[in-house]
Every structure is written in C-alpha cells, then in structure tokens.
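Each chain is listed here by its residues.
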Protein chains: 2
Amino acid sequence: MELLKERILSEGRVIGEEILKVDSFLNQQIDVELLNEIGKEFKKLFSNKNINKILTIEASGIAIASIAAQYFKVPVVFAKKFDDDKTDDSSYEARVFSFTKNKGYKIRVSKRYLNKEDRILLIDDFLANGQAVLGLENLVEQAGAETQGIGIVIEKSFQEGRSKIEKLGLQIESLAIIEKMENGKINFK
Amino acid sequence: MELLKERILSEGRVIGEEILKVDSFLNQQIDVELLNEIGKEFKKLFSNKNINKILTIEASGIAIASIAAQYFKVPVVFAKKFDDDKTDDSSYEARVFSFTKNKGYKIRVSKRYLNKEDRILLIDDFLANGQAVLGLENLVEQAGAETQGIGIVIEKSFQEGRSKIEKLGLQIESLAIIEKMENGKINFK
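Residues numbered from 1 in each chain as written. Chains lettered and ligands numbered in written order. Predicted model: local features only at pLDDT ≥ 70, side-chain atom pairs only at ≥ 80, totals over all residues. Heavy atoms only, no water.

A short note on the overall build of chain A
Right, so step 1: What chain A contains, in helices and strands, is six helices and 11 strands.
Right, so step 2: The C-alpha radius of gyration computed for chain A amounts to 16 Å, which stays within 12% of the reference 16 Å derived for 189 residues, consistent with globular compactness.
Right, so step 3: Every one of the 189 residues in chain A was classed for burial, and the buried ones make up 58%.
Right, so step 4: In chain A, the proportion of contacts linking residues at least 24 apart, taken out of those at least 6 apart, comes to 60%.
Right, so step 5: Entry remark: accessible area of chain A is about 8300 Å², with carbon and sulfur atoms responsible for 44%.
Right, so step 6: Across chain A, the centroid of the 29 positively charged side chains sits 2 Å from that of the 30 negatively charged ones. (Helix = DSSP H or I, 4+ residues; strand = E, 2+ residues; numbered from the N terminus. Rg over C-alpha atoms; globule rule 2.2 N^0.38 Å. Buried < 20%, exposed > 50% of the residue type's maximum accessible area, 1.4 Å probe, protein only. Contact = heavy atoms within 4.5 Å. Areas by Shrake-Rupley, 256 points an atom, 1.4 Å probe, with all protein chains shown as cover. Lys, Arg positive; Asp, Glu negative; His and termini not counted. Charge placed at Lys NZ, Arg CZ, Asp CG, Glu CD.)

If you want it as structure tokens, here you go:
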C-alpha cells in the first residue's frame, strides 16, 4: 500500500535494526484518514471471506480494527492485556511474550464475545515475532470459532513472525512489508 | 441520546450500586455503528468549537475517539497508562487514581503530539469520579494547549466527577446521564 509506505518513510523512526516507531500516525497519534484507507484495503483483500467479527488486541489495534470494521459492517472485539497471573473463568486466556518489552503477559476476551459461530478477521498493527497473533488465534480456537484471515498493517519480515503464523494455513495480508532496517534506512520488500 | 440509552437499558449490566458494565457494545465488543452515531452527536454538540485534535485515554476511549474524529476531520492522540514510577522526559505525565480498581497509575503522552497550538476535545467512555478527565486536562495544560470541550459517552452523575470537572469551566457533554442505579435498575436523568 503506497500511501502507507510513504508515511512510514517520511515519519517512521528507526531505532537500532529492529524497532520502528510510527507513533505519529499509528501508535499514539492516529491519522484517521490513513486508517480509512487501510480499512478499505483490508476490505478489498478479504472481500472473498465471510467475516462477521474483527478481533484485535489493545491498545493500538483498536483504532485500526474499529475504522476497518466500518467497511466490513461487523463489530470489533479487542483482547485486553493483563500482567497478573490470576485465572478468569469467564474469559478465554492466552499467554503472549513480547520480545520488544522482554516480558510476558496474558490476553483475555470474555467468553460472551467469542463463540463457535464466529468467522474472525484478526487485525494488528505490527507483525514482528508473531506472538500477539498466535495468542489471538489461540483465543479463537478456544472459542471454537474460525479465523478467516489475518490483516497486518506493518510486517517486519526479517523477524520470525511470518514463518510462525504461516503454519496456521490462513490468508495473511500485510499492507507494508519491511525486509531490512539498516543505518536508519527502511527497505521494503 | 435515545439510541444509546436504549442500548444501556437492554445490554448494560449493573453490579452493585456503582458499576455499570457495557462490554457488549463499548468496552470489549465495540458496536461501530453505534459509535458512528455517537461521533455524529459529539460533532453536533461541539460544532461551535474550533477543534484540531481529540485526546483520549487507552483502551476504551480509542475506538470512540477514532470514530468521532472522522466527523471532526482531526487526528486522535491517546494517553497511555503505566504502572511504573519512572519518569519519561519526552512525555507529559499525570497521575490518575482509579476508584474502580482502587489503584493509581500514570498517564503519558509524548511531547511530540501535544503542543500549544492545539485546541483539544477530550473524549472518554465514562465520567464517574472524573480522575481520568482531570489527568488528561493536566496533560493539555502542561503542553500549553487549550481544551475546547469534554465529550463523555456515559456519565454517572451520582459520583463526584461532574462537580470536579465543572470547575474547569469547560463545555461538558454527556450523551447518557445516569442518576441512580438501585436493585439493578438504571435511572437516567
């Protein structure tokens, strides 16, 4: 998606060889116009799928999923992150490890909002190590629901997320794929 | 806002005399169609204001603010919550106490995304004790920006938030105001 790549090039801040900050339009300040273009693109890419719900993860996924949901005309459900070790019987839970923050956390979705009739589109801002997506897919499986596809805004293909989630055998669409970040320079696939 | 009140009555779950759960359309599952009506209503109520940015707080505020921002044609900035006691010089920070969770946390917005030219609309899902809104207003003041108004989806007027934030002398608009919750019954103002 050219518009997105342009924004990444003009506003993305590369930290080291693995971290890309896009706080100015995606992760703290949100450019709702750009998100609308992203939403339309996801709708186009998954137009072959029968989707009745979008599942994402707080916090950055919420805006992306909510704007995209307007094009799919479906509700959004977002998984909440928890640091605790408590177990909540009323929720589906999964463990997620964040390599960026070097710590694990739990994600939860109330059992009320995921069920076996659901045909889910998973949406997230980044695909890096794939842990968040695998956690979300785990929740979907616990609910007996079915994931129809995975929509990612920015994929860092030099990390191992893609190969991990490809094993799920699902349609994966990343709107911008970064192959390499070296000396502050971003190379798209 | 009648549509919102109807949803609160049909789907809201009252816990004790103070807690209202609206997870089925606002706080975990998000009804994007309803949010569009909420966004239009905020635009109508604040049409007299010159707003260039919407400020909210993660997580539930993000969807509401993002959908509303489409009607204002402005970006959204969301404050992030932190449990730590570290100080981050690159961010504006405020302390917020959550009476619901009975604990304090910090909220932060990068100094990049709030500045003295900004004319802010604060948006949040609930007004209860007013702590989150006061924290957001504190960030706006630190940035030298100016708040144009405060948009709340659900106000619990039996708690003290309203009287606290009225002292700011700003336009406050709550789309549904709950006066009392007794024996599981919701009474609107």
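Still to come is the rest of the account.
Observations regarding the side chain of aspartate 124 of chain B
Right, so step 1: Structurally, the position occupied by aspartate 124 of chain B is in strand 8 (residues 119-127).
Right, so step 2: Although aspartate 124 of chain B lies buried, it forms no salt bridge, and the closest oppositely charged side chain, lysine 81 of chain B, sits 7.3 Å away as judged by the N-O distance. (Salt bridge = Lys/Arg side-chain N within 4 Å of Asp/Glu carboxyl O.)

Digging into the relation of the copies chain B and chain A
Right, so step 1: Each copy of the sequence occupies a distinct position, and chain B is placed on chain A by a rotation of 180 degrees and an axial shift of 0.0 Å, giving an RMSD of 0.0 Å. Both copies are brought into coincidence by an operation consistent with a two-fold rotation axis.
Right, so step 2: The share of interface residues of chain B whose copies in chain A are also at the interface is 100%, consistent with both copies meeting through the same surface. (Least-squares fit on C-alpha atoms with pLDDT ≥ 70 in both.)

Things to note about unusual backbone geometry
Right, so step 1: The residue after glutamate 58 of chain A, namely alanine 59 of chain A, is reached through a cis peptide bond having omega -5 degrees.
Right, so step 2: Mapped onto the elements of the fold, alanine 59 of chain A is located in the loop between strand 4 (53-57) and helix 4 (60-72).
Right, so step 3: With a phi close to 55 degrees, lysine 73 of chain A is a non-glycine residue in the positive phi region.
Right, so step 4: Positionally, lysine 73 of chain A belongs in the loop between helix 4 and strand 5 (76-82).
Right, so step 5: A positive phi angle is found at asparagine 183 of chain B, which is not glycine, with a value near 50 degrees.
Right, so step 6: Topologically, asparagine 183 of chain B is positioned in the loop between strand 10 (171-182) and strand 11 (185-188).
Right, so step 7: For asparagine 183 of chain B, a relative accessible area of 78% corresponds to the exposed category.

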